[in-house]
Amino acid sequence: MNPWATGILHTLLLIVVMLLNGSLIIYMLRKVLGHLHLRLGPTELGPGGILQLVPDIVKLLVKEDRHPGKTDRWLYIIAPVIVFVPALMAYIAIPFSDKLIGFDVNLGVLMLFGFLTVIPLGIFAAGWGSHNKYALIGATRAVGGAISYEIPLLLSALIPIMLTGSFSLKAITMAQTTSVWYWLPAFPAMIIFFICSIMETNQSPFDMSEAESELVSGFNTEYSAMRFGFMYLAEFSNNFIMAAIMVSLFFGGWSLPFINPNTMGAFAPIVFIIKTYLVIFAFMFIRGTFSRYRVDQMLAFGWKKLMPIALVYTVVVAFFVKLISMKTGGGL
Amino acid sequence: MARWKFPVGIFKAMRIAWINLWRKNIVIQYPHERYELPERARWSVEMTLDENGHHTCTGCKICENTCADYIINIDVSVDEERNKHINHWLYQRGACMMCGLCVEACPFGAIHMGKNIELAYFDKEDLTDDLLTDTDAVKPPRKERPAPTAKSEPVSQEAAHDGAGKTGKSTKEEGGADGDNS
Ligand code: SF4
Ligand code: SF4
């Protein structure tokens, strides 16, 4: 087959997966948050309101694409793309099963984080280009948050990498099928990773960049119609990606305990997706429980608490890994 | 540096949220389910009808004068025999704050606060309601007037004024502030 055709088909497949995922997560968010707050969430359209998303998407599609004056035109236009494309591309490195993985690079984790690091750039472009003070404040906050939280995030992701000795998500998952899942030996790293993922995906209690009560909607205040839709979708897609990375790094990926990973077959992606959605549920649970931090509190928490803990923990784990590998002569 | 405390509150909050997640639903889905209004609920003003289905409004306009928001507008005409006729009893439902002052003020119990909670309309005109149109006002039930006696005869306005002037005269003169006397 023509490599171009395959490439286009794969991209379309990715977009479909992303859209489905995004819609499911949006529905789930509404329902979970609703019930957490003793509400119901959508109920009217379809069973349990599951079709509510259809009119929502139609609304986004047919809405007028308003372009406010005085914007930095090119930044304004390109920002949703910068936010959307990395969120889409990150899907290719997620190992849904040992076969179902878009592109198994041996630096998969780094590649994923590389994609995710581009997103704050898009957010900043959106805030800067909008020519709106709320958008700009939201954008600077997003960048500040990303800088302070990405370091502990990467440090905590280093722990499973050190334990495995590989940057490949697939290898990390495979290593967990033979030993325990890494959340057990690397519990603090798992907690740090979880907290930083919440920050990375812009969710409450760290949703500084779009603090509705202070900044209207933060960096996307001036966006409407499908441009806003792209940003919105990218946010939920990031949610899925962070949860998927967390499952691969700490919760054994597609594997289940006491089951031979080679016999999983078609169940592997299902197990992986269920696990991912459980992590997403945990995100939403936190989101529905806690109120927003103040900006300085958030930065102080990132720099003064998470960062030293992550640093010390990484050094300690590195020390022990080296010690054990010296004793056993390589490998864990 | 702030004293380090174990963040118990985080877990407490999460426990409460978790319990709430599984709690029975307390939401009433309005158009499908309805809430039984309590006895004391008071919504828009309505006419109180007697057992014959007739209103008891006398057209005295006390409610109109009481309403702080000028919601009620009663158009009354009086014929030669001094019979009152209510042309319109206009009530601007959209602006009423349902305070109930008019109901309290009405000496004849002619109006009450109804229980109609569905006060949204498609048309602006519907917000103003004509509660009584072109009807005769009820004659207020009067007691027999007591026969006038010498004692109870009301003091005429002028006499009352003179009396007040006499008692206040000394103070007025001392002050010298009265323009007429100087
Ligand atoms: S409703 Fe009562 S207060 Fe108002 S005009 Fe009629 S009788 Fe008078
Ligand atoms: S309820 Fe209050 S606001 Fe409404 S008409 Fe009566 S006095 Fe006026």
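These numbers were taken from a predicted model, which means no experiment stands behind them.

Colleague: Lay out the overall build of chain B in plain terms, naming residues and giving numbers.
Modeller: Within chain B one finds five helices and five strands. Along its sequence from the N terminus, chain B presents helices and strands in the succession α-β-α-β-β-α-β-β-α-α. Out of the 182 residues in chain B, the part that is buried amounts to 19%. Across chain B, the fraction of contacts at a sequence separation of at least 24, relative to all contacts at a separation of at least 6, is 70%. Here chain B has roughly 14,600 Å² of accessible surface; of this, 55% comes from carbon and sulfur atoms.

Colleague: With reference to specific residues and values, describe the interface of chain A and chain B.
Modeller: In this assembly, 14 residues from chain A lie in contact with 14 residues from chain B. When chain A packs against chain B, the two sides together hide about 1,200 Å² of surface, and 76% of this comes from carbon and sulfur. It is Leu38, Leu40 and Phe285 of chain A in chain A that bury the most area against chain B; as a group they hold 42% of the surface buried on that side. Remark: the boundary between chain A and chain B carries zero salt bridges. Applying the counting rule to chain A against chain B returns two residue pairs in polar contact (both at pLDDT 80 or more). It is helix H10 (residues 267-289) of chain A that contributes the most residues to the side of chain A that touches chain B, four residues altogether.

Colleague: So, the layout of surface pockets: which residues are in play, and what are the values?
Modeller: A water-sized probe rolled over the atoms picks out the places where empty space is left. Residues and elements named next belong to chain A. What the second largest pocket holds in volume is close to 610 Å³. As for the second largest pocket, its lining consists of 20 residues, of which Leu13, Leu14, Val17, Tyr91 and Phe96 are closest to the centre. Residue assignment for the lining of the second largest pocket shows that the elements contributing at least two residues are helix H1 (3-36) and H10. Top element by residues in the lining of the second largest pocket is H1. It accounts for nine residues. Class assignment of the residues belonging to the lining of the second largest pocket gives a composition of 14 nonpolar, five polar and one charged.

Colleague: Provide a residue-level description of empty space enclosed by the protein, including the pertinent values.
Modeller: Residues and elements named next belong to chain A. Going through the model one piece at a time under the given rule, you end up with three cavities of 30 Å³ or more. Counted as a void, the largest cavity has a volume near 210 Å³. Forming the walls of the largest cavity are 18 residues, and the residues nearest its centre are Ile119, Ile123, Glu200, Asn202 and Asn238. Elements supplying a minimum of two residues to the lining of the largest cavity: helix H4 (108-129), helix H5 (133-164), helix H7 (187-200) and helix H9 (225-250).

Colleague: I'd love a proper account of the sheet that holds strand E5 (residues 128-136) of chain B, names of residues and values included.
Modeller: All names here are of chain B. The strand order E2-E3-E5 describes an open sheet built from three strands, whose pairing is antiparallel. Each edge of the open sheet carries a strand with a single partner, namely strand E2 (72-78) and E5. Strand-to-strand twist of the sheet, defined as the mean angle between neighbouring strand axes without regard to direction, takes the value 10°. The pairing of strand E3 (residues 84-92) with E5 spans six bridges and is classified as antiparallel. Note on E5: the bridge partner recorded for Tyr91 is Asp129.

Rules used in this analysis
- Residues numbered from 1 in each chain as written.
- Chains lettered and ligands numbered in written order.
- Predicted model: local features only at pLDDT ≥ 70, side-chain atom pairs only at ≥ 80, totals over all residues.
- Heavy atoms only, no water.
- Helix = DSSP H or I, 4+ residues; strand = E, 2+ residues; numbered from the N terminus.
- Buried < 20%, exposed > 50% of the residue type's maximum accessible area, 1.4 Å probe, protein only.
- Contact = heavy atoms within 4.5 Å.
- Areas by Shrake-Rupley, 256 points an atom, 1.4 Å probe, with all protein chains shown as cover.
- Buried area = accessible area lost by both parts, 1.4 Å probe.
- Salt bridge = Lys/Arg side-chain N within 4 Å of Asp/Glu carboxyl O.
- Polar contact = N/O pair within 3.5 Å; in protein donor to acceptor, adjacent residues only side chain to side chain.
- 1 Å grid on protein atoms, 1.4 Å probe; cavity = no way out; pocket = protein on both sides within 12 Å on 5 of 7 lines; lining within 4 Å.
- Points joined across faces, edges and corners; volume = space filled by probe spheres on them.
- Nonpolar A, V, L, I, M, F, W, Y, C, P; charged D, E, K, R; others polar.
- Pairing = 2+ DSSP bridges.
- Axes fitted to C-alpha atoms, helices over the stretch in contact; angles between N-to-C directions.

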